[in-house]
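# Observations on the three-dimensional arrangement
One letter stands for each residue in the lines below.
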Amino acid sequence: MNTSRIALVTGANQGLGRALVEGLAARMGPDDLVLLTGRDSRRVTDAAREVAELPGTRARVEGRVLDVTDTGAVTRLAEDLRARHGGVDVVLSNAVARVLPEESQAERADEFIDVSNTATHAILRSFTPVLRPGGRLLVVASSLGTLGRLDPRLRPLFDGASLDQVEYAVESWRGAVHAGTAHDEGWPVWLNVPSKVAQVAAVRAVAAERRERDLAAGILIAAVCPGMVDTATSRPWFSDYSQARSPAEAAGAVLDLVLADQVDPAQYGELVRFGEVLPWHDGTPLVEQDRMVRP
């Protein structure tokens, strides 16, 4: 059985995902393998080659085409890694669809939800069973993913929910967006807020079922907030960027969590930012961004 470590990063062609691959490739060993994934074959191939050629790269880097919205493809990749390597050691779920303030949120809802939420559910279902002892599975979310960001009417949909219940809530939200009833039901106009809450809720759901055996095996499942990252995806949404970090800086804190020798039980199943747990029930609904967007 191959004993080298296997790491997988989704949404890794650019921005934070690319920085996560670069950081893993620099901090893992020569016998380890980092898989850089994305939907576009040419961009995946080019990005993997460029990372492999960086002076600080130590681990092997390979590109894999993966459309995270294709649940079957996610499952097949997990099964392939189990067959070839006995599983996987690091999974960083980072894929996101870029939506601009001037674009209609309703018109972009399907793509956004599929990439951020349907894909998260598929990653959790397919890759948690193939995590090797000491493994890490982190879903990149944000501080927008705390329950208090939602209207109080919606919070029970996600609080203490199973993964199936989270998935049902997400599809109910999607349906309300298309039916034009989302605002009346209390959903934020900005897709990013309910999407992030649902991502964190999905992580919490899976972690609740696996906590005891995962901690015994040194496995960490968590959501992670990289902080405000200066990328083309996030810059249009915030007026104050004075505290923003570069993708490389943001990746550093995430990788510190990934590569820590020990799992902190307090972080298991939680949303973690710079090593600190963000309380699930904290946060208040946002106003500024909802005023910026087109329904």
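As shown above, the structure is provided for reference.
The present account deals with the structure reproduced in this document.

Calculation notes
Residues numbered from 1 in each chain as written. Predicted model: local features only at pLDDT ≥ 70, side-chain atom pairs only at ≥ 80, totals over all residues. Heavy atoms only, no water. Phe/Tyr/Trp six-rings, centres within 6.5 Å; stacked < 30°, edge-to-face > 60°. Helix = DSSP H or I, 4+ residues; strand = E, 2+ residues; numbered from the N terminus. Buried < 20%, exposed > 50% of the residue type's maximum accessible area, 1.4 Å probe, protein only. Polar contact = N/O pair within 3.5 Å; in protein donor to acceptor, adjacent residues only side chain to side chain. Core = buried A, V, L, I, M, F, W, Y, C linked by side-chain atoms within 4.5 Å. Expected span 1.5 Å × (residues − 1). Arc of directions from axis to C-beta. Pairing = 2+ DSSP bridges. Axes fitted to C-alpha atoms, helices over the stretch in contact; angles between N-to-C directions. Contact = heavy atoms within 4.5 Å.

### Focus: the packing of aromatic side chains
Inspection of the entire model under this criterion finds 2 aromatic pairs. Look at Phe158 and Trp187: their rings are 6.2 Å apart centre to centre, the planes differ by 80°, and that puts the pair in the edge-to-face class. A residue pair is termed long-range when its members are at least 10 positions apart, and Phe158 in the loop between β5 (131-140) and α5 (163-179) and Trp187 in the loop between α6 (182-185) and α7 (192-216) qualify at 29 residues. Take Phe158 and Trp187: they sit in the same class, and that class is buried. In textbook terms, an aromatic cluster arises when at least three aromatic residues are bridged by ring pairs, as seen for Phe158, Trp173 and Trp187.

### Details of the side chain of Arg132
As for its placement among the helices and strands, Arg132 is situated in strand β5. Within the structure, Arg132 has its side chain in polar contact with the backbone oxygen of His85 (distance 2.6 Å).

### Digging into the environment of Arg84
Looking at where Arg84 falls in the secondary structure, it is placed in helix α3 (residues 71-85). At a separation of 2.8 Å, a polar atom in the side chain of Arg84 contacts the side chain of Asp80.

### Some details on the nonpolar core
If you look at the biggest cluster of nonpolar residues, it comprises 101 residues, and the most contacted ones within it are Leu24, Leu92, Phe127, Leu137, Leu138 and Phe158. A per-element tally of this core places α7 first, with 10 residues.

### A short note on α5
When the terminal C-alpha atoms of α5 are compared, their 24 Å separation across 17 residues agrees well with the 24 Å that a helix rising 1.5 Å per residue should span. All of the buried residues along α5 are Leu163, Val166, Ala169, Val170, Trp173, Arg174, Ala176 and Val177. Angular distribution of buried residues about the axis of α5 spans 165°; they occupy a single face of the element. Of the exposed residues in α5, the ones pointing more than 90 degrees away from its buried face are Asp164, Tyr168 and Ala179.

### Considering the sheet that holds strand β2 (residues 33-38)
Strand order in this open sheet of 8 strands is β3-β2-β1-β4-β5-β6-β7-β8, and the pairing throughout is mixed. Every other strand in the sheet has two partners, leaving β3 (60-65) and β8 (276-278) as the edge strands with one partner each. Across the sheet, the axes of successive neighbouring strands diverge by a mean angle of 25°, strand direction being ignored. Sheet analysis places β2 next to β3, joined by 6 bridges and oriented parallel. Looking at the pairing, Thr37 lines up with Arg64 of β3. The strands touched by helix α1 (residues 15-27) are β1 (6-9), β2, β3, β4 (88-93) and β5; relative to β1, the strand with the most contacts, the crossing angle is about 165°. On top of the sheet, α7 reaches β5, β6 (220-225) and β7 (271-273); it is set at about 155° to β6, its chief contact.

### Topic: the side chain of Ser93
Of note, Ser93 is situated in strand β4. Of the residues examined, Ser93 reaches a relative accessible area of 6% and is grouped as buried. Apart from residues no more than four positions distant in its own chain, Ser93 is found in contact with Thr10, Thr120, Ile123, Leu138, Val139 and Val140.

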